[in-house]
Amino acid sequence: MSKAPARPWTARVLTLYPAMFPGPLGQSLAGRALADGVWSLTAVDIRDFARDKHRTVDDTPFGGGPGMVMRPDVLAAAIDSVMGGDVTGGDAGHADPAARTQPLVYFSPRGRRLDQALVHEVKAAGGATLICGRFEGVDERLLEARPVVEVSLGDFVLSGGEIAALALLDAVVRLLPGVMGAEESGTEESFAEGLLEYPQYTRPQIWEGRGVPDVLLSGHHEKIAAWRRAMAEKVTAERRPDLWEQYRRRKGGGGT
Ligand code: SAH
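This text gives an overview of the structure that appears in the document.

Each value, and the rule that gives it
- Residues numbered from 1 in each chain as written.
- Predicted model: local features only at pLDDT ≥ 70, side-chain atom pairs only at ≥ 80, totals over all residues.
- Heavy atoms only, no water.
- Near = heavy atom within 4 Å.
- Polar contact = N/O pair within 3.5 Å; in protein donor to acceptor, adjacent residues only side chain to side chain.
- Areas by Shrake-Rupley, 256 points an atom, 1.4 Å probe, with all protein chains shown as cover.
- Helix = DSSP H or I, 4+ residues; strand = E, 2+ residues; numbered from the N terminus.
- Nonpolar A, V, L, I, M, F, W, Y, C, P; charged D, E, K, R; others polar.
- Salt bridge = Lys/Arg side-chain N within 4 Å of Asp/Glu carboxyl O.
- Axes fitted to C-alpha atoms, helices over the stretch in contact; angles between N-to-C directions.
- Parallel < 35°, antiparallel > 145°, perpendicular 65-115°, else oblique.
- Contact = heavy atoms within 4.5 Å.

A few points about the site of the ligand
Near the ligand lie 19 residues; those nearest to it are Tyr 106, Phe 107, Leu 153, Phe 156 and Leu 158. In this structure, Ser 108 approaches the ligand through a main-chain N or O atom, which is 3.4 Å from a nitrogen atom. Between a nitrogen atom of the ligand and a main-chain N or O atom of Gly 154, the distance comes to 3.0 Å. Burial of the ligand by the surrounding chains reaches 85%, relative to a free accessible area of 560 Å². Contributing elements (two or more residues each) for the shell around the ligand: strand S5 (104–113) and strand S7 (148–152). Sort the elements by how many residues they give to the shell around the ligand and S5 lands first, with four residues. Tallied by class, the residues present in the shell around the ligand amount to ten nonpolar, eight polar and one charged.

In structure tokens form, the structure reads like this:
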């Protein structure tokens, strides 16, 4: 029996470095799911949409300053080719009607911070088109002229959007049906309920003189669940006051 759903979750990545894909996502769980058709990946080379003989994709910023900026016309042609819009140049072979209803993401430090809620939204859309910036980023008019959502991996600067795209895709793909070994892995882990994960232990039972909490050896499932919940709350309260505050508010001001 094939694991492939009727329609795979569909990733379209616009990049100057298509050879970076699937990269690490060709391995392990994501790699097997890709081979099984649970998800699909098309890496589109933005440079294919350049119009001059030097295949130029960037130019100097108006107003001066360091670095180069990605040209809106070239990027728009690449976007339109996968979104099935007006194709203004280049190879039109990637058009997918479903892409029009799915998120068009541009990775940028200015974007909405990627979190598990956003991962679930992108997963639920059935696919996404991901734009990987390079240089100093893209011309602002492109972000206005196409329905782009900007997404940030965090408050630091990468040299390109490719690693951000791989991170988002990895987080989505592991949630697709049949990708993770145990179905519950997705519901018990960090952020599933707005809490960080409880501490985990495995063999050896004594390691470097350290044992494991007795309750975990008790075989008492209710006590184990209560301990794990209490520890998840403790870890979250200590390490992430922001998440803890949200969690308490959702629980109606309760909590410990
Ligand atoms: N000049 C920009 C940084 C450009 S870095 C600025 O100061 O905001 C080049 C590309 O890397 C960006 O276009 C973006 O696609 C990607 N990138 C860099 N940092 C990122 C982050 N924190 N999250 C997501 N993408 C990022």
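Focus: the pattern of salt bridges
Within the structure shown, the criterion is met by 15 salt bridges. Glu 121 is the salt-bridge partner of Arg 112, the closest N and O atoms lying 3.1 Å from each other. Note that Asp 242 is salt-bridged to Arg 240, the shortest N-O span being 2.9 Å. If you follow the salt bridges from partner to partner, you end up with Arg 7, Arg 12 and Asp 96 in one network.

Comments concerning the packing of helix H7 (residues 221–239) against helix H8 (residues 241–250)
Two numbers describe how H7 lies on H8: the axes approach to 6 Å, and their chain directions differ by 125°. Judged by the angle between their axes, H7 and H8 are oblique. Contacts between H7 and H8 involve Arg 229, Glu 233, Thr 236, Ala 237 and Arg 239 on the former and, on the latter, Pro 241, Leu 243, Trp 244 and Tyr 247. A class-by-class count of the residues in the contact of H7 with H8 yields five nonpolar, one polar and three charged.

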